[in-house]
Amino acid sequence: MINTYIKQLVEYGIAHNLLGREDDIYTTNVLLDILKLDDYEDPDQVPAIETKDDLEKTLGGILDYAVSGGLIEDSIVLRDLFDTRIMNALMPRPSQVTREFWDRYEESPKAATDYYYDLSRASDYIRTYRVAKDQKWVTPTEYGDLDITINLSKPEKDPKMIALAKTMPANSYPKCLLCIENEGYAGRINHPARNNHRIIPIEIQGNRWGFQYSPYVYYNEHCIVLNGEHTPMQINHDTFVKLFDFVKQFPHYFLGSNADLPIVGGSILSHDHFQGGNYEFAMAKSPVETELNFNGFEDIKAGIVKWPMSVIRLNGDNIDRIIALCDKILKVWRGYTDEAAYIYAETDGEPHNTITPIVRMRDGRYEIDLVLRNNITTDEHPMGLYHPWEEYHHIKKENIGLIEVMGLAVLPARLKDEIEALEKAILAGADLRADETLAKHADWVDAIVAKHGALNEANIDTIIKDEIGIAFGEILECAGVYKRNEEGKAAFLRFVEAVNR
């Protein structure tokens, strides 16, 4: 079967424009070398790889051969490292991809990104068959339809590989997962392979940046724009310039930045980067509920967005004018304290205030959402006052980063099994508090039953998932520095007054 798998893969590469018909013999020989094969008989006809499942099956067959031949151990980590190397045999060089991208950009920015997104999926850099395993649903709320995802596309490492990774020497190349040096990198046990990865070089604010897609694509065309230098995240004037510079080049994409402080920031604060894509989140669809006026900026439409977090939306034609107002709002917020609202700019020299900014085009005008963030902790909320509160940790206790801010919950993989076990236990009338895994959900389930009445086999899954979505909306309210009540709205307007002084 190995000859069939090789032939299938080569034909797949040709069909998906990863390589040309003239490359078939060369590519076959590269694959033979990787698989340590000295002999090959070309099958006349092989079944075409037509779906993501077909590709997974073919790669699985090659990996099984590699395991049986002693080329690799049977571990998901080592299999991933090996099949990424296999797929790289089908890939064009970075210069070819870059040239094709910018040639298509001359047609339109969308034509360029369409080409690159298709390549990123066809190359198996985005493992579409794994992404398809993510559980996704939409929950209607007062803030619009919130997207809920249980992330299952990141493979679990087996204990043997985890133990082995701990014994490996420290390695500083690449410095992190977002460095441009990941392009073509073979990977290691504690760093994913990126042989088949291609990064598009772009210019942002006159400097070298990279454009790529997330391998986990939490939403349509989920992209990452990364600094060509390994430099820390910062929210400042340059951040706004960079965000608008990208959206000006790719007006069909939004682009946003995680905040630059722990707790309210993203998972990688050590490398300056943004996330964007071709998707409209619930926050972007939410209307302005309170119009604002900023002195000296009457040409810019401004307002507070109807959203569980605290969002100021600016909209205008002139990027420089919008950025000037962003600078003013950021400067005031960095140093702003309102003890009555429990907002402190700093405690013991530690800064707390920052912003999560998101830029987009809307009806031919530039628009930015500025989400006010604060990472202060208290005795009652040691993980963060404006962070998922402890009562929601059974669902999510991780940081509220850019993606969640916009209205997409990225929930931990553990919830898949816990939801299934929880539904079975509820239907069986079991004591949830007697179950070590399910006990943390018991109070929440009691509230659900009080709200909906008896749960049965016909309604339980829908109700549980809807309640998870509702809980996510409440988690976002926890992360909002100004609560959605009269007191919170008054405090929000006090900050606006401070900007206008």
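Let me sum up the structure you'll find in this document. Each chain carries its own residue numbering, running from 1 in the direction its sequence is written. Given that the model is predicted, a residue must reach a pLDDT of at least 70 before its local features are reported, and side-chain atom pairs must reach 80 or more before they are shown or counted; all residues, however, enter totals for whole chains, interfaces and linings. The basis for every side-chain value is the complete set of heavy atoms in the structure, and neither hydrogens nor water enter the calculation.

A word on helix α1 (residues 2-15)
Line of reasoning, step 1. Secondary structure elements follow DSSP: runs of H or I no shorter than four residues count as helices, runs of E no shorter than two count as strands, and numbering proceeds from the N terminus. Expected helix span is taken as 1.5 Å per residue step, with the number of steps being one fewer than the number of residues. Between the first and last C-alpha of α1 there are 20 Å, a value that for 14 residues agrees with the 20 Å anticipated at 1.5 Å per step.
Line of reasoning, step 2. Any residue under 20% of the maximum accessible area for its type is buried, any over 50% is exposed, and the rest in between are partly exposed; the area is computed with a 1.4 Å probe on protein chains only. For α1, the buried fraction is high: ten of the 14 residues fall into the buried class.
Line of reasoning, step 3. Three or more residues of α1 are buried, namely Ile-2, Tyr-5, Ile-6, Lys-7, Gln-8, Leu-9, Val-10, Tyr-12, Gly-13 and Ile-14.
Line of reasoning, step 4. Throughout, a residue-residue contact means that at least one pair of heavy atoms, one from each residue, lies within 4.5 Å. Against the buried residues of α1 lie α2 (24-34), α3 (52-68), α4 (76-88) and α6 (109-122).

Quick word on the sheet that holds strand β14 (residues 365-374)
Line of reasoning, step 1. Note on pairing: two strands pair once DSSP finds at least 2 bridges between them. Sheet architecture is open: ten strands sit in the order β3-β4-β5-β7-β6-β13-β14-β10-β9-β8, paired in antiparallel fashion. One side of each edge strand has no neighbouring strand; the edge strands of this open sheet are β3 (200-204) and β8 (288-292). Adjacent strand axes in the sheet meet at a mean angle of 25°, parallel and antiparallel pairs treated alike.
Line of reasoning, step 2. As paired elements, strand β9 (residues 301-305) and strand β10 (residues 311-316) share four bridges and run antiparallel to each other. Following the sheet pairing, Ile-304 is matched in β10 by Ile-312.
Line of reasoning, step 3. Think of each axis as a best-fit line through the C-alpha atoms, taken over the contacting stretch in the case of a helix, with angles from 0 to 180 degrees between the N-to-C directions. Most of the contacts of α6 go to strand β4 (residues 207-213), to which it runs at about 55°, and overall it touches β3 and β4.

With respect to the sheet that holds strand β15 (residues 408-411)
Line of reasoning, step 1. Pairing is mixed in the open sheet, where three strands are placed in the order β1-β2-β15. The sheet is open, and its two borders are formed by β1 (135-141) and β15, each paired with just one other strand. For this sheet the average axis-to-axis angle between neighbouring strands, irrespective of direction, equals 20°.
Line of reasoning, step 2. When strand β2 (residues 144-150) meets β15, the two strands line up parallel, connected through four bridges. Among the inter-strand pairings, Ile-148 is bridged to a residue of β15, identified as Ala-409.
Line of reasoning, step 3. Packing of helix α15 (residues 460-479) onto the sheet brings it into contact with β1, β2 and β15, and relative to β1 it is tilted by some 65°.

Some details on the side chain of Arg-188
Line of reasoning, step 1. Structurally, the position occupied by Arg-188 is in the loop between α8 (159-167) and β3.
Line of reasoning, step 2. Note on charges: Lys and Arg go in the positive column, Asp and Glu in the negative column, and His and the chain ends are not counted at all. Criterion for a salt bridge: a side-chain nitrogen of Lys or Arg within 4 Å of a carboxyl oxygen of Asp or Glu. As a buried residue without a salt bridge, Arg-188 has its nearest oppositely charged side chain in Glu-181, at a separation of 11 Å.
Line of reasoning, step 3. In protein, a polar contact means a hydrogen-donor-capable atom and an acceptor-capable atom, both N or O and within 3.5 Å, with residues adjacent in sequence counting only if both atoms are side-chain atoms; elsewhere, any N or O pair within 3.5 Å suffices. At a separation of 3.0 Å, a polar atom in the side chain of Arg-188 contacts the main-chain carbonyl oxygen of Tyr-173.
Line of reasoning, step 4. Apart from the residues within four sequence positions on either side, Arg-188 is in contact with Leu-81, Met-168, Asn-171, Tyr-173 and Pro-174.

Side note on the packing of α1 against α3
Line of reasoning, step 1. Between α1 and α3, whose axes approach to 10 Å, the crossing angle comes to 140°. Put simply, α1 runs oblique to α3. The crossing of α1 and α3 is left-handed. On α3, the residues that touch Ile-2, Tyr-5, Gln-8, Leu-9 and Tyr-12 of α1 are Leu-55, Thr-58, Leu-59, Gly-61, Ile-62 and Tyr-65.
Line of reasoning, step 2. In this classification, Asp, Glu, Lys and Arg are treated as charged, Ala, Val, Leu, Ile, Met, Phe, Trp, Tyr, Cys and Pro as nonpolar, and every other residue, Gly included, as polar. Here the residues of the contact of α1 with α3 are counted per class, giving eight nonpolar, three polar and no charged. Angle categories: roughly parallel below 35 degrees, roughly antiparallel above 145, roughly perpendicular from 65 to 115, and oblique for all the rest. Put simply, a crossing is left-handed when the front helix is turned counterclockwise from the back one by less than a right angle, and right-handed when it is turned clockwise.

Focus: the packing of aromatic side chains
Aromatic ring pairs are reported here in terms of the distance separating the ring centres and the angle at which the planes meet.
Line of reasoning, step 1. Side-chain rings of Phe, Tyr and Trp (the six-membered ring for Trp) are treated as a pair once their centres are within 6.5 Å; stacked means planes under 30 degrees apart, edge-to-face means over 60, and tilted covers the remaining angles. Taken as a whole, this structure holds 30 aromatic pairs when the rule is applied.
Line of reasoning, step 2. Aromatic pair Phe-101 and Trp-102: ring centres 5.0 Å apart, planes at 85°, arrangement edge-to-face.
Line of reasoning, step 3. A residue is classified by how much of its surface remains accessible, and Phe-101, at 0% relative accessible area, is buried.
Line of reasoning, step 4. When its relative accessible area of 27% is taken as the criterion, Trp-102 is described as partly exposed.
Line of reasoning, step 5. Grouped by ring-pair contacts, the aromatic residues Phe-101, Trp-102, Tyr-105, Tyr-116, Tyr-117, Phe-211, Tyr-213, Phe-246, Phe-250 and Tyr-253 constitute a single cluster.

Here we look at the packing of helix α13 (residues 414-428) against α15
Line of reasoning, step 1. The contact between α13 and α15 brings their axes to 11 Å, and the two run at 125°. Here α15 runs oblique to α13, going by the angle between their axes. The two elements α13 and α15 meet at a crossing, and its hand is right-handed. Residues Ile-419, Glu-423, Ile-426 and Leu-427 of α13 lie in contact with α15, whose contacting residues are Ile-460, Asp-461, Ile-464 and Ile-468.

Structural notes on the environment of Leu-432
Line of reasoning, step 1. Structurally, the position occupied by Leu-432 is in the loop between α13 and α14 (442-452).
Line of reasoning, step 2. Taking the C-alpha atoms as reference points, Leu-432 and Asp-147, separated by 285 residues in sequence, lie 28 Å from one another.
Line of reasoning, step 3. Not counting the four nearest positions on each side in its chain, Leu-432 is found in contact with Leu-422, Ala-425, Ile-426, Leu-438, Ala-439, Ala-442 and Val-445.

A closer look at the pattern of salt bridges
Line of reasoning, step 1. Per the counting criterion, the structure on display carries 35 salt bridges.
Line of reasoning, step 2. For Asp-80, the salt bridge is made with Arg-127, and the minimal N-O distance between the two is 3.7 Å. Here Arg-127 lies in the loop between α6 and α7 (128-131) and Asp-80 lies in helix α4, a separation of 47 residues in the sequence. In terms of burial, Asp-80 and Arg-127 fall into one category: buried.
Line of reasoning, step 3. It is possible to trace a salt-bridge network through shared partners that takes in Glu-280, Arg-313, Arg-360, Arg-362, Glu-367 and Asp-369.

Thoughts on the pairing of β9
Consecutive residues of a regular strand have side chains that alternate between opposite faces of the sheet.
Line of reasoning, step 1. When you tally the buried positions in β9, you get four out of five residues, the bulk of the element.
Line of reasoning, step 2. Bridge analysis of β8 against β9 gives four bridges, and the strand direction is antiparallel. Looking at β9, one finds that Leu-292 is bridged to Ala-302.
Line of reasoning, step 3. The hairpin turn running from β9 into β10, its antiparallel successor, is five residues long.

Things to note about the nonpolar core
Line of reasoning, step 1. Within this scheme, the nonpolar core is defined by two criteria: the residues are buried Ala, Val, Leu, Ile, Met, Phe, Trp, Tyr or Cys, and they are joined through side-chain atoms within 4.5 Å. By size, the foremost hydrophobic cluster in this structure holds 94 residues, and its most contacted members are Phe-211, Phe-246, Phe-294, Leu-314, Ile-329 and Tyr-482.
Line of reasoning, step 2. Not counting residues up to four positions away in its chain, the partners in contact with Phe-211 are Phe-101, Thr-113, Tyr-116, Ile-199, Ile-200, Ile-202, Cys-223, Ile-224, Val-225, Phe-246 and Tyr-253.

Looking at unusual backbone geometry
Line of reasoning, step 1. Across the junction of Tyr-173 and Pro-174, the peptide omega takes the value -20°, indicating a cis bond.
Line of reasoning, step 2. When you line up the elements, Pro-174 lands in the loop between α8 and β3.
Line of reasoning, step 3. With a phi close to 50°, Gln-205 is a non-glycine residue in the positive phi region.
Line of reasoning, step 4. Positionally, Gln-205 belongs in the loop between β3 and β4.
Line of reasoning, step 5. Gln-205 sits in the partly exposed class, given a relative accessible area of 28%.
Line of reasoning, step 6. Phi at Glu-221 takes a positive value of approximately 55°, unusual for a residue other than glycine.
Line of reasoning, step 7. Inspection of the secondary structure puts Glu-221 in the loop between β4 and β5 (223-227).
Line of reasoning, step 8. Judged by its relative accessible area of 6%, Glu-221 falls in the buried class.

Taken by themselves, the reported measurements are silent on function.
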